[in-house]
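What follows is each chain in one-letter form.
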Amino acid sequence: MEGAAVRRVRAGAPQLPAWSSEVQNGTGEDRKRRMGPPGNGSCASRGRSPGLRESFLVPSILLYLLLHWLLVVLSLRQLLLLPSPGLFSAAKAREYLEHITGFGPRPVGSPANEILTVNYLLEQIKLIERDCSDAHKITVDVQRPTGSFSLDFLGGFTSYYDNITNIAVKLEPARGAEHAVLANCHFDSVANTPGASDDAVSCAVMLEVLHVLSRSSEPLTHAIIFLFNGAEENILQASHGFITQHPWAKIIRAFINLEAAGVGGKELVFQTGPENPWLVRAYASAAVHPFASVAAQEVFQSGIIPSDTDFRIYRDFGNIPGIDLAFIENGYIYHTKYDTPDRILTDSIQRAGDNILGVLKYLASSDELAHSSEYRHGNIVFFDVCGLFVLVYPARVGAVINSLIASAALLYLGKKYFKPRNGGVVHMNNLLYGIGVMLISWFSALVTVLLVAVFVSLTGHSLSWYTHFYVSVFLYGSAALAKLILVHTLAKKYYFVNLSEQYLGDLFFDVSLVAWWFILVVFVYNGLCSAYIFALWVAFPMLTKLGSQREFTEKGTSLKFALMYALGLFVPYLHMMYHVWAVFEMFTPILGRSGTEIPPDAVLAFLVAGCTILLTSYFINFIYLASNTKKTLLTLTSVSAITLLLVCTGFFFPYTSDSANPKPKRIFLQHTTRTFYGLDGNVLKKDSGIWINGFDYTLMSHITPHLPEITESIRAPCEDAPFCGFPWYFPVHFLIRKNWYLPAPEVPIKEHPELLMRSKEKMPWGTTRFKFEVKGPSHMTVYLRPHNGSSLTTWSLGDGIPVEGAGGDYFVFYSRGLQAPSWHFWIEVKGSGEHPEGMITVAIASHYFFGEDQKTPQLEELKPRFPKWSFPSSWVCTYDLFVF
């Protein structure tokens, strides 16, 4: 009878290694009891070991992940892992920074930007020029360009600039140079912020780099052009003026753009190219303290992050390759009054200076710069290893490596699951069932956390984790992990009931391997350089399993096996944690300014659940090796439930005014007067009020107790007018649909803007050309909406082709420097039917960002009433609508 039982087992499933001495040495009754039911083909059910103790397993895994997290934090917080070469002086750069920010906010057109900052920069450049060695010469040019261009960014818009300011400094060998590398920063800021990190610190770093290089007795091979541009915050205008109009632009072969999405920390290389792999190699060779990731580049260029930099202008309009760097830490105070010099660590400045100095010097001495066209083709895989060095290799090599790893994994799985004599078909069935369980657990975890996030949003407690990030881990991470464990526990108990723990542990390791193998194949197929991450998540676990298989086979989950397993997974887990940190460091602050339409809790819940799934994937098999999971499930569920209860009672307030680490709520206050004119020029409607926009999903719920007049009764209705009849500064109305309009007296501006139609001419090709003249402040926006039956065919802006914005309206952004003539432009409209000449609505909004016109008594009375944990940025606007 015993022999028959064994023969039946061997006929139905593969012969397994001796995982359990209990099976081999037990009685016939033991064996029969432990075998699966007839027909399930599972002689893999050869016996159950006692299993891992839950009290040991869970803390060990958590401690393992925490160790990786601490190593990542140590790497990121220790800004100078390697000693500084000592050439660049952070102290001197900080002096520059203090002086620039000392002029206060520097919006384009303001005396602070166009006079005080410009004069200071020119003075410092003149002092640097005096100390210049005989090996070099310095040429300074102040450019004030005028131009226009269109972008498809933020739904599409067109920009027009007039007499804005650029300071260009060319450092070249005494004999001259035919080629140059460009270093770019911008010294302007948004209104009401000192703009220390964005981007005064970069200009301070560039001044000191210029100082160091100019004093060197060793001549450069090529020129370096330092561009201090004065109009980046006006949607990248100054860089466009330089690269399309300045004569030096013709000799530029590459550029480095210095930006900020946060305040201090490490500066991340988040864009390179396009193509031109030699640039990344230059950074890898010359950067003293590297921080770079091709994954960050692919995320940014996917459009997930609603932002853009001067990098795009140089790439698209100059056809020049470059490197884009930005500070990413502490984005909570980016573009707020808290962006002050004291919040930028001296180590951050030193680190950035060492890197920029090294890379610029390397490029300016490189033969590849002069012949960059010969090295332009090909993408590249790059990533730093804990800030110590950068690994760089061609994308085609990466594709080969990734394909080999994918093939090796396929062979590894095939060797185990395609052995017909040993029941490979049954093993394949079990693998497919395991994949199904895994997918169910993933889907279940994501749905669970999204349901919790929706509930939190509906109860009005969004962003509870904004100041206390650990809340998101307790709320969403615990829920996701609990659901993952629950699904696998149920599968173990009710579906895989007749399979041994060892077999299931081995099976679900392969299930995780298959999952990441599949993602690797998808990434390789789509040509994504970040596929290397999933190659790590296939190669290292596979090698770990092969290396520890004998120990696992002979002794099960022994301490030695656990150590071998943990050490084998160390590299991919550390690297993944490095990227997980960057994801949350960038995205968490962004969710506090992502508008009123995107539920931030749903986004963060998805990210937290996704990271939970990723980081636990190769530990899920331990659920099947564990003796029990009840305490773990109870603990995780309790943590999530208690956190949810605390969140829904308002225990975790989203914002803080803590002087050391403020995380404010952003609010725009625009004191506005609106006038709507009819076709005959008569006023149809006129009103005034303070237009209030909150930039996050909580709207005004936390503000109302402090300002009870901001109620639902004053919600701003969307008028039947371009951009809802309100003076948008950027075309982001699709992100912010809920705003308020508090009645107030008419704005007391000295000079009201004017929109004058100078002529209307019927063109031979059947359109009507309208010529306009606009007079007003330094910042204006023009909105166009053709009426039914009419269309906007061409205009004098951009490249002549009108770029339609979101919602079908056209958005034109205008800015100017101190002195500029009236703005003249024309449009052509094609009509039909009732209006053969064409009919169009034209609205103009003016924005007063500085000077006496920026303030009104009503704004000055209202702003102090906002709580300290908010940042109300205020200015005066007008909105005038005409029909032609």
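Identification of the protein chain as Endoplasmic reticulum metallopeptidase 1 from Pleurodeles waltl is taken from an unreviewed UniProt entry. In its Cofactor (unreviewed entry) section, the UniProt entry covering the protein chain states "Zn(2+)". Of the protein chain, the UniProt comment under Subcellular location (unreviewed entry) reads exactly: "Endoplasmic reticulum membrane".

Enquirer: What exactly am I supposed to notice about the overall build of the protein chain here?
Expert: Assigned secondary structure in the protein chain consists of 24 helices and 22 strands. On C-alpha atoms alone, the protein chain measures out to a radius of gyration of 32 Å, which is about the 29 Å that the 2.2 N^0.38 rule sets for 884 residues. Taken along its principal axes, the extent of the C-alpha atoms in the protein chain is 105 × 70 × 60 Å. Burial status across the protein chain gives 60% buried among its 884 residues. Across the protein chain, the fraction of contacts at a sequence separation of at least 24, relative to all contacts at a separation of at least 6, is 83%. Counting only carbon and sulfur atoms, one obtains 61% of the accessible surface of the protein chain, whose full area is about 34700 Å².

Enquirer: Hey, could you run me through the state of the cysteines in this one?
Expert: Disulfide: a covalent bond connecting the sulfur atoms of a pair of cysteines. This model, assessed by the stated rule, comprises 2 disulfides. Within the protein chain, bonded cysteines paired by disulfides and numbered along the sequence follow the pattern 1-2, 3-4. Not part of a disulfide, Cys611 finds its nearest cysteine sulfur in Cys386, a span of 17 Å.

Enquirer: When you look at the sheet that holds strand β1 (residues 136-143) in this model, what are you seeing that I'm missing?
Expert: What the 7 strands build is an open sheet, ordered β1-β4-β6-β5-β7-β9-β8; its pairing is mixed. The strands lining the two open edges of the sheet, one partner per strand, are β1 and β8 (267-273). For this sheet the average axis-to-axis angle between neighbouring strands, irrespective of direction, equals 15°. Pairing analysis gives 8 bridges linking β1 to strand β4 (residues 166-173), with the strands arranged antiparallel. For Ile138, the partnering residue across the bridge sits in β4 and is Leu171.

Enquirer: Help me understand the UniProt feature "domain: Endoplasmic reticulum metallopeptidase 1/1-A TM" (unreviewed entry) in the protein chain in this model?
Expert: The UniProt record annotates "domain: Endoplasmic reticulum metallopeptidase 1/1-A TM" (unreviewed entry) at residues 428-648. In residues 428-648, the share of helix is 81% and the share of strand is 0%. The end C-alpha atoms are 46 Å apart.

Conventions we followed
Residues numbered from 1 in each chain as written. Predicted model: local features only at pLDDT ≥ 70, side-chain atom pairs only at ≥ 80, totals over all residues. Heavy atoms only, no water. UniProt positions renumbered as here; feature names shortened; annotations may be inferred. Helix = DSSP H or I, 4+ residues; strand = E, 2+ residues; numbered from the N terminus. Rg over C-alpha atoms; globule rule 2.2 N^0.38 Å. Buried < 20%, exposed > 50% of the residue type's maximum accessible area, 1.4 Å probe, protein only. Contact = heavy atoms within 4.5 Å. Areas by Shrake-Rupley, 256 points an atom, 1.4 Å probe, with all protein chains shown as cover. Disulfide = S-S within 2.5 Å. Pairing = 2+ DSSP bridges. Axes fitted to C-alpha atoms, helices over the stretch in contact; angles between N-to-C directions.

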